[in-house]
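Architecture at a glance
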Amino acid sequence: MSYCFNPNCLYQNPDGSNFCQRCGSQLLLTERYRAVELIGQGGFGRTFKAIDQNRLNTTCVIKQFLPLPQGSQALQKATEMFQQEAVLLRDLGKHAQIPDLLAFFEEEGRLYLIQEFVDGQDLRKELILRGIFSEEQVRQVLKSLLPVLQFVHEQDVIHRDIKPENIVRSPNGSLVLIDFGVSKQLSGNVLTKIGTVTGTPGYAAPEQMRGIVCYSSDLYALGVTCIRLLTGCLPQDDGSDELFDAVNMRWKWREQGVLVEERFGRIIDKLLEEKPRNRYQSANEVLQELELTVVSLPTTSQTVSVSVPQPPPRKQRGVGGGFWWQWLLANGVGLTLGFSIGGAMWNVFSNLTVTGTMAGTLLGFPQWLVFRKQIPRASWLILSTIVGVTVGFVVGGSVDGVLDSVYIFAFAFVCVLGIFVGYALRAAWLILATTDFVVGFSMSLYAHSFWLDSSISIFKIAFILGLFMMRYLNIIPTIYLLAISNKLSSNN
């Protein structure tokens, strides 16, 4: 098949034809480039898959500048943008993940751009055919594209149209950034006012839709691309978008049932910040957050940015062996301080709530020291323990009598019920609060006998060991819940 380039003809001629059988126009551009397949067309022209007969029929891409009828000023602007795309491809095509410019010329009054062909499928088609991307797949998209964007931005260029359709996966698995037709060459300014609003609605940054672009505008569009791939929610032709709340001006991607590791989610959220100053200011900043190091190489090499191999990622589930010894020590210190200082507080204030709060704080603080490196915002651990111990103290202090079989049964029932409900609700804090309620209840019920009678007995030792083991073992279901919700990481 050989397509005619005459916009008033567009006839599909048999293979091997040199002239159009309908209008007689020449089918070979500069006597070497033949269009064999129509890839796309729009307001600026048409794009063909082609072959270069002077290079053993090597596949390439022909972009024909064919703007729709419009005013002279708009036509001049469109012509400048088409010529600019050629210049940018010439300068940026040194990078292995950007198509190279092969030729740029005028023939029969029309401009043509010849560029390297990327044999692959864009991410939008991949999303439709294979379904939503996993967190790890989206991470790889970021790690592959961010070095490309860093290189582009270092050349003072803003792409302005990052979206799944403009990201193509080559046969070797690498991602290639295409379509620099609306890119902007900056002239020294980080934030530049432009005369033409460009970009794709549903991806372009808010400032870009007002005619202003900066480097973080591309990062915003990349963030939107990520949540599109994670959720499978694409903007509709009628302008509707279930991912974006236009009333509150916020993205609702987390409400689509997407579960990602917390730190990765914060990276995505920062890419999507409405105000440019609140986003990452460079692609390298994002790479650092993703624990990927980028090394810049001289532009004489075809690959301008490469990824330095990193150590294997930290395990996301489970904790190191040293944690258990730290937890053992934290319980010993916490229970000792809780009993001793709690007793002193009771002697001074004779108030169960004050005493329980102090005991809970002294028990919760050491466990926070142990867990603060494994759980983001681990301060909730202290709060769960304080609430559990304080409530247990108040309830236990209002009960008269001794620790008989009724109390033992009640303790066991509360523990089992709290752990069961905690599992059902995936609430690690409820398991901690429940077991600490039992600890506080026991401490309050029997504390006076320890403080008034300094003698040592087997019962007292068993009682203390029982509380100790309860606090030590309650962390096992807690760790399990944190692990399956991907909120636990290992630093040991």
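In this report, we go over the structure that sits alongside the text. (Residues numbered from 1 in each chain as written. Predicted model: local features only at pLDDT ≥ 70, side-chain atom pairs only at ≥ 80, totals over all residues. Heavy atoms only, no water.)

Together, L329, V333, L337 and I341 line one region of the surface with nonpolar side chains, adding up to about 300 Å² of accessible area. A residue is classified by how much of its surface remains accessible, and I341, at 33% relative accessible area, is partly exposed. (Patch = residues over 30% accessible without salt bridge, like charges linked within 9 Å, V, L, I, M, F, W, Y side chains within 5 Å. Areas by Shrake-Rupley, 256 points an atom, 1.4 Å probe, with all protein chains shown as cover. Salt bridge = Lys/Arg side-chain N within 4 Å of Asp/Glu carboxyl O. Buried < 20%, exposed > 50% of the residue type's maximum accessible area, 1.4 Å probe, protein only.)

On to helix α5 (residues 262-271). Turning to α5, its buried residues number three or more, namely E262, F264, G265, I267, I268 and L271. In the core, the buried residues of α5 are packed alongside α3 (135-154), α4 (215-231) and α6 (283-289). N-cap assignment for α5: the residue whose side-chain oxygen lies 3.2 Å from the backbone N of R263 is E261. (Helix = DSSP H or I, 4+ residues; strand = E, 2+ residues; numbered from the N terminus. Contact = heavy atoms within 4.5 Å. Polar contact = N/O pair within 3.5 Å; in protein donor to acceptor, adjacent residues only side chain to side chain.)

Here we come to the pairing of strand β8 (residues 110-116). Counting buried residues along β8, 6 of its 7 residues qualify, which places the element largely inside the surrounding structure. As paired elements, strand β6 (residues 58-65) and β8 share 5 bridges and run antiparallel to each other. Across the sheet, residue Q64 finds its bridge partner in β8, namely Y112. Bridge analysis of strand β7 (residues 101-107) against β8 gives 6 bridges, and the strand direction is antiparallel. Each residue of the ladder has a partner; that of F105, found in β8, is Y112. (Pairing = 2+ DSSP bridges.)

What follows covers the packing of α3 against α5. Contact pair α3 / α5: the axes reach a minimum separation of 12 Å and the direction vectors enclose 50°. One way to sum up the angle between α3 and α5 is to call them oblique. Classified by chirality, the crossing of α5 by α3 is left-handed. Contact residues: α3 offers E135, V138, R139 and L142, while α5 offers F264, I268 and L271. Looking at the contact of α3 with α5 residue by residue, the class counts come to 5 nonpolar, no polar and 2 charged. (Axes fitted to C-alpha atoms, helices over the stretch in contact; angles between N-to-C directions. Parallel < 35°, antiparallel > 145°, perpendicular 65-115°, else oblique. Left-handed = near helix turned anticlockwise from the far one by under 90°. Nonpolar A, V, L, I, M, F, W, Y, C, P; charged D, E, K, R; others polar.)

Glancing now at the side chain of S170. By the secondary structure assignment, S170 is in the loop between β11 (167-169) and β12 (175-177). On the basis of relative accessible area, S170 is assigned to the buried category, the value being 12%.

All right, on to the state of the cysteines then. Scanning the model with the defined rule gives 0 disulfides in all. Its sulfur unpaired, C20 is 3.5 Å from the next cysteine sulfur, which belongs to C9. A relative accessible area of 6% places C20 in the buried class. (Disulfide = S-S within 2.5 Å.)

On the secondary structure map, C23 appears in the loop between β2 (12-13) and β3 (28-29). In sequence terms C23 and C4 are 19 residues apart; their C-alpha atoms lie 8.6 Å from each other. Look past the residues within four positions of C23 in its chain and what remains in contact with it is C4, N6 and C9.

Attention shifts here to empty space enclosed by the protein. All chains considered together, the criterion is met by 1 cavity of 30 Å³ or more. Empty space within the largest cavity amounts to approximately 50 Å³. If you trace the largest cavity, you find it lined by F5, Q26, L28, L29, E107, E108, R110 and Y112. Put simply, the parts of the chain that give the lining of the largest cavity at least two residues each are β3 and β8. (1 Å grid on protein atoms, 1.4 Å probe; cavity = no way out; pocket = protein on both sides within 12 Å on 5 of 7 lines; lining within 4 Å. Points joined across faces, edges and corners; volume = space filled by probe spheres on them.)

Right, let's get into unusual backbone geometry. Of note in the backbone geometry, D156 takes a positive phi value of approximately 60° without being a glycine. Positive phi is not limited to glycine here, since R160 has a value of about 75°. Among the structural elements, R160 can be located in the loop between β10 (157-158) and β11.

Paired through backbone hydrogen bonds, the strands of a sheet run either parallel or antiparallel to each other. Strand order across the open sheet formed by 6 strands is β3-β4-β5-β6-β8-β7, with antiparallel pairing between neighbours. Edge positions in the open sheet fall to β3 and β7, since each of these has one partner strand only.

For α3, built from 20 residues, the straight-helix expectation of 28 Å at 1.5 Å per residue is met to within 8% by its first-to-last C-alpha distance of 28 Å. The largest bend along α3 reaches roughly 30° and is located at L145, with the proline P147 sitting one to four residues downstream. A large share of α3 lies buried, amounting to 15 of its 20 residues. Residue D156 follows α3 closely and has a positive phi angle near 60°. (Expected span 1.5 Å × (residues − 1). Bend = angle between axes of the 7 residues up to and from the residue.)

With that settled, the discussion passes to the packing of aromatic side chains. Enumeration according to the criterion identifies 9 aromatic pairs in this entry. With a centroid separation of 5.5 Å and 80° between ring planes, the pair formed by F5 and F48 is classed as edge-to-face. Of this pair, F5 sits in the loop between β1 (2-3) and β2 while F48 sits in strand β5 (residues 45-52), and the two are 43 residues apart along the sequence. The pair F5 / F48 is uniform in exposure class, with both members buried. (Phe/Tyr/Trp six-rings, centres within 6.5 Å; stacked < 30°, edge-to-face > 60°.)

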